[in-house]
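Residue strings, one per chain:
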Amino acid sequence: DGASTDNTLNIINKYKSCISKFVSEPDKGIYDALNKGIEYATGDVIAFLHSDDIYISDTVLQKMANVFKSETVDSLYADLVYTDKEDTDKIVRHWKSGTFDYKQLKKGWMPPHPTFFVRKKVYEKFGNFDTNFKIAGDYDCILRFLHKNKISVKYLNQVIIKMRAGGASNKSISNIIIKMKEDLKALKKNNAGGIFTLFLKNTRKISQLFGN
């Protein structure tokens, strides 16, 4: 928690018996905060659940853990649905990831970051989030892992996350512009494409509006 002044601390205290580690202090943005989480994490696999995200059921973590236990894979990803901000049962967009193909990365494909579970040893070997990014640090990280260093990955063909619409990357025109500039920077940094890839990445979202 980045030293928030809302009701976060009260909620955390309500469930403190279920929380093994809690830190509330100022940070240098979302990716600085996520990096702190990586450093504090003691498990073999790391996943991020943000404040606007909800696991689709209480069996998600067990399902993901079972795959990691049975297969020597570096990472897993699945599908995600965007919901109305107030009514999380109302789906407004379906992010159907599909089976991974390295060639698709240069065509604007990426897995939904909240569904991306990665072994901690991958972060230790290839680095945490680049804090020079304000919004697209997760995209940069995914490209670094999947494209640049070609870690192994498996697709779980099911929705595991509900995400409330209206996140940081698209809550304003200025943020959308920043996101596009940073996406392009991430693509070039990881030698994963350029303007055309960025165009395809954004047009992919159209089909998500008509998913099942």
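Each remark here, short or long, concerns the structure printed above.
Conventions used here
- Residues numbered from 1 in each chain as written.
- Predicted model: local features only at pLDDT ≥ 70, side-chain atom pairs only at ≥ 80, totals over all residues.
- Heavy atoms only, no water.
- Axes fitted to C-alpha atoms, helices over the stretch in contact; angles between N-to-C directions.
- Helix = DSSP H or I, 4+ residues; strand = E, 2+ residues; numbered from the N terminus.
- Parallel < 35°, antiparallel > 145°, perpendicular 65-115°, else oblique.
- Left-handed = near helix turned anticlockwise from the far one by under 90°.
- Contact = heavy atoms within 4.5 Å.
- Nonpolar A, V, L, I, M, F, W, Y, C, P; charged D, E, K, R; others polar.
- Core = buried A, V, L, I, M, F, W, Y, C linked by side-chain atoms within 4.5 Å.
- Buried < 20%, exposed > 50% of the residue type's maximum accessible area, 1.4 Å probe, protein only.
- Phe/Tyr/Trp six-rings, centres within 6.5 Å; stacked < 30°, edge-to-face > 60°.
- Lys NZ or Arg CZ within 6 Å of the ring centre and 35° of its normal.
- Arc of directions from axis to C-beta.
- Expected span 1.5 Å × (residues − 1).

Draft legend 1. Highlighting the packing of helix H6 (residues 173-189) against helix H7 (residues 195-208). With their axes 9 Å apart at the nearest point, H6 and H7 run at an angle of 130 degrees to one another. Comparing their axes, H7 and H6 come out oblique. Relative to H7, the crossing made by H6 is right-handed. Contact with H6, carried on its side by Lys-179, Met-180, Asp-183, Leu-184 and Leu-187, involves Ile-195, Thr-197, Leu-198, Lys-201 and Asn-202 of H7 and no other residues of that element. A breakdown of the residues in the contact of H6 with H7 according to their chemical character gives five nonpolar, two polar and three charged.

Draft legend 2. Region of interest: the side chain of Lys-201. Along the chain, Lys-201 turns up in helix H7. Not counting residues within four places of it along the chain, the set of residues in contact with Lys-201 comprises Lys-107, Gly-108, Met-110, Tyr-139, Lys-179 and Asp-183.

Draft legend 3. Fine view of the nonpolar core. If you look at the biggest cluster of nonpolar residues, it comprises 47 residues, and the most contacted ones within it are Phe-116, Tyr-123, Phe-129, Phe-145, Leu-146 and Ile-160. For this core, the elements supplying multiple residues, two or more each, are helix H2 (30-40), helix H3 (60-70), strand E3 (75-83), strand E5 (117-119), helix H4 (120-126), helix H5 (137-148), strand E6 (153-164) and H6. Once you skip the residues sitting within four places of it in the chain, Phe-129 turns out to touch Tyr-31, Leu-34, Asn-35, Ile-38, Phe-48, His-113, Tyr-123, Gly-137, Asp-138, Cys-141 and Arg-144.

Draft legend 4. Inspection of the packing of aromatic side chains at higher detail. One pass over the structure, following the stated rule, counts nine aromatic pairs. With a centroid separation of 6.2 Å and 45 degrees between ring planes, the pair formed by Tyr-123 and Phe-129 is classed as tilted. For the pair Tyr-123 and Phe-129, a shared accessibility class is recorded, and that class is buried. By the ring-pair criterion, three or more aromatic residues cluster together here, those being Tyr-31, Phe-48, Tyr-123, Phe-129 and Phe-145. The ring of Tyr-82 has Arg-93 sitting right over it, with the charged end atom 4.1 Å from the ring centre. Lys-201 extends its terminal NZ or CZ atom over the ring of Tyr-139, reaching a point 4.6 Å from the ring centre.

Draft legend 5. View of the packing of H5 against H6. Two numbers describe how H5 lies on H6: the axes approach to 9 Å, and their chain directions differ by 20 degrees. When the interaxial angle is binned, H5 and H6 end up roughly parallel. Crossing of H5 over H6 shows right-handed handedness. Facing Tyr-139, Asp-140 and Leu-143 of H5, the residues of H6 in contact are Asp-183, Ala-186, Leu-187 and Lys-189. Among the residues forming the contact of H5 with H6, the class breakdown is four nonpolar, no polar and three charged.

Draft legend 6. Just H3, in detail. Within the span of H3, buried status applies to Val-60, Met-64, Val-67 and Phe-68. Along H3, the residues classed as buried sweep out an arc of 100 degrees about the axis, all on the same side. Set apart from the buried face of H3 by more than 90 degrees, the exposed residues are Lys-69 and Ser-70. Those residues of H3 that are buried lie in contact with strand E1 (45-46), strand E2 (53-55), E3, E5 and E6.

Draft legend 7. Representation of H6 in the model. If you check H6, its first and last C-alpha atoms are 24 Å apart, about what 17 residues at 1.5 Å a residue would give, namely 24 Å. When we look at burial in H6, the residues that qualify are Asn-175, Lys-179, Glu-182, Asp-183, Leu-184, Ala-186 and Leu-187. Contacts made by the buried residues of H6 are with H5 and H7. Downstream of H6 by a residue or two, Asn-191 has a phi angle that is positive, lying close to 55 degrees.

Draft legend 8. Seen up close, the environment of Lys-107. Within the fold, Lys-107 resides in the loop between strand E4 (91-95) and E5. Judged by its relative accessible area of 44%, Lys-107 falls in the partly exposed class. In sequence terms Lys-107 and Tyr-31 are 76 residues apart; their C-alpha atoms lie 25 Å from each other. What Lys-107 contacts, discounting residues up to four positions off in sequence, is Thr-197, Leu-200, Lys-201 and Arg-204.

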